[in-house]
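# A structural walkthrough
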Amino acid sequence: MTKLSVNINKIATIRNARGGNAPDLLQVAKDCELYGADGITVHPRPDERHIRRSDVPALRAILTTEFNIEGYPSKEFIDLVLRVKPHQVTLVPDKPHQLTSNHGWDTIAEQGFLRDVLNDIRAAGIRSSIFIDADIHMAEYAAKAGADRVELYTGPYAELYPLDAQKAIAPFVRTAEQVRSLGIGLNAGHDLSLRNLRFFSENIPWVDEVSIGHALICDALYMGLSATIEAYKNCLK
Ligand code: PXP
């Protein structure tokens, strides 16, 4: 079954708004695990606008499920992940002050850079994933660079899904089939929600993990965290 990794960036955004420790990020992460999350994802950014660098080792110490750290592989980011040793590192091609990830790597143009970074991550015994658009060539060159997995950027799927679900899913199925034939793992994330997740999962049931933050935390405002996580897990059954 596809695993659900809950991205807790938004919890840190709320905490940072008041300068104190409410909501308590570590407690929320533990509760997500208690309510059925298979993993926790964070995206520490250089400006620390949500997850702070100091949150990362603190989370590593208390989590009992899979810990995924995503981010642009600056020297500072790589030093942090090599020190903390999460289960998985997801490389995203974000600029430092970008609002949110909005495209995947050009794995052909960045082949040399990615290969070097992936070597360091592999040497530390950490699983790697590269964020890519739904494009078979990007998948092929991610595998050539040595990635253990790719994460498909699902923003375009989420946008088109309400208008034409078949058209929205088609490039993702094609790329997911290519990923499977390359023998590497498959993750997906961005803008997945209770509206579009089930259809995605039914069409690509071999996805290893989805990572979901924004919509899940929004739903939790109405449904509560426990019922929300259960509802997302149900979409993956
Ligand atoms: N995957 C990556 C690489 C991301 O940067 C994000 C956003 O932090 C997500 C998944 C989760 O996206 P969303 O918050 O829209 O669920």
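Throughout what follows, the structure given in this document is the object of discussion. Counting of residues starts from 1 at the beginning of each chain's written sequence and follows it residue by residue. Thresholds applied to this predicted model are a pLDDT of at least 70 for local features of residues and 80 or more for the giving and counting of side-chain atom pairs; totals over whole chains, interfaces and linings are not thresholded and use all residues. Think of the side-chain values as coming from all heavy atoms in the structure, minus any hydrogens and water.

Turning our eyes to something else, we now look at the overall build of the protein chain. In this text, helices come from DSSP runs of H or I with a minimum length of four residues, and strands from runs of E with a minimum of two, each type numbered from the N-terminal end. From N to C terminus, the protein chain includes 11 helices and eight strands. In this description the radius of gyration comes from C-alpha coordinates, and the expected globular size is given by 2.2 Å times residues to the power 0.38. Its C-alpha atoms give the protein chain a radius of gyration of 17 Å, near enough to 18 Å, the size a compact globule of 237 residues would have. Residues classed as buried in the protein chain amount to 51% of the 237 residues present. Between two residues, a contact is recorded if the distance between any of their heavy atoms is within 4.5 Å. Residue pairs in contact within the protein chain that sit at least 24 positions apart in sequence constitute 67% of those at least 6 positions apart. The positive count covers Lys and Arg only, the negative count covers Asp and Glu only, and His and the chain ends enter neither. A single reference atom marks each charge: NZ on Lys, CZ on Arg, CG on Asp, CD on Glu. Charge centroids of the protein chain, computed over 26 positive and 30 negative side chains, lie 3 Å from each other. Only protein chains enter the accessibility calculation, which uses a 1.4 Å probe; a residue is then buried when its area is under 20% of its type maximum, exposed when over 50%, and partly exposed in between.

Glancing now at the pairing of strand 1 (residues 3-7). Among the five residues that make up strand 1, four are buried, leaving the element largely enclosed by the rest of the structure. Paired strands are those between which DSSP finds at least two bridges. When strand 1 meets strand 8 (residues 209-212), the two strands line up parallel, connected through four bridges. By the bridge assignment, V6 is partnered in strand 8 with I212. The pairing of strand 1 with strand 2 (residues 39-42) spans three bridges and is classified as parallel. Residue pairing across strands places V6 opposite I40, the latter belonging to strand 2.

Near, as used in this document, describes a residue that has one of its heavy atoms within 4 Å of the molecule or strand being considered. Every one of the 15 residues lining the ligand counts as a neighbour, but S101, E151, D191, G213 and H214 are closest to it. Counted as a polar contact is a pair of N or O atoms within 3.5 Å, where, for protein atoms, one must be capable of donating a hydrogen and the other of accepting one, and residues adjacent in sequence contribute only when both atoms are in side chains. Within the side chain of E70, one N or O atom sits 3.0 Å away from an oxygen atom of the ligand. For the ligand, an oxygen atom lies 2.8 Å from a polar atom in the backbone of D191. Under the convention used here, a 1.4 Å probe and the Shrake-Rupley method define accessible areas, while residue burial counts only the protein chains that appear. Contact with the protein chains covers 95% of the free accessible surface of the ligand, which is 400 Å². A 1.4 Å probe that fits but cannot get out identifies a cavity on a 1 Å grid over protein atoms alone, an open set with protein on both sides within 12 Å along at least five of seven lines counts as a pocket, and a residue lines either if it has an atom within 4 Å of a point. Molecules are considered to sit inside a cavity or pocket once more than half of their atoms lie within 2 Å of its grid points. Here the ligand occupies the largest pocket. Partitioning the shell around the ligand into residue classes produces three nonpolar, nine polar and three charged. Under the scheme applied, nonpolar residues are Ala, Val, Leu, Ile, Met, Phe, Trp, Tyr, Cys and Pro; charged residues are Asp, Glu, Lys and Arg; polar residues are all the others, including Gly.

A word on the sheet that holds strand 8. Ordered by their spatial adjacency, eight strands build a closed barrel running 1-2-3-4-5-6-7-8, and the pairing between neighbours is parallel. In this sheet, adjacent strand axes meet at a mean angle of 25° when their direction is disregarded. Lines fitted to the C-alpha atoms define the axes, with helices restricted to the stretch that makes contact. Angles between their N-to-C directions range from 0 to 180 degrees.

Turning to a nonpolar patch on the surface, a few remarks are in order. Within the patch definition used here, like charges are joined within 9 Å and nonpolar side chains (Val, Leu, Ile, Met, Phe, Trp, Tyr) within 5 Å, considering only residues with over 30% relative accessible area and no salt bridge. Every case where a carboxyl oxygen of Asp or Glu lies within 4 Å of a side-chain nitrogen of Lys or Arg is listed as a salt bridge. Together, L221, Y222 and M223 make up a nonpolar patch on the protein surface, roughly 430 Å² of accessible area in all. One can find M223 in helix 10 (residues 214-223).

We now examine the pairing of strand 7 (residues 185-189). Most of strand 7 is tucked away: five of the five residues are buried. Taken together, the five bridges between strand 6 (residues 149-153) and strand 7 define a ladder with parallel strand orientation. Its bridge partner being in strand 7, V150 is matched across the sheet by L186. Of the strand pairs in this sheet, strand 7 and strand 8 are connected by three bridges, and their pairing is parallel. Looking across to strand 8, one finds that G189 is bridged to S211. The parallel pair strand 7 and strand 8, bridged by helix 9 (residues 197-203), forms a crossover whose chirality is right-handed. Orienting the strands away from the viewer, one traces the path from the first strand over the helix to the second; a clockwise path indicates a right-handed crossover.

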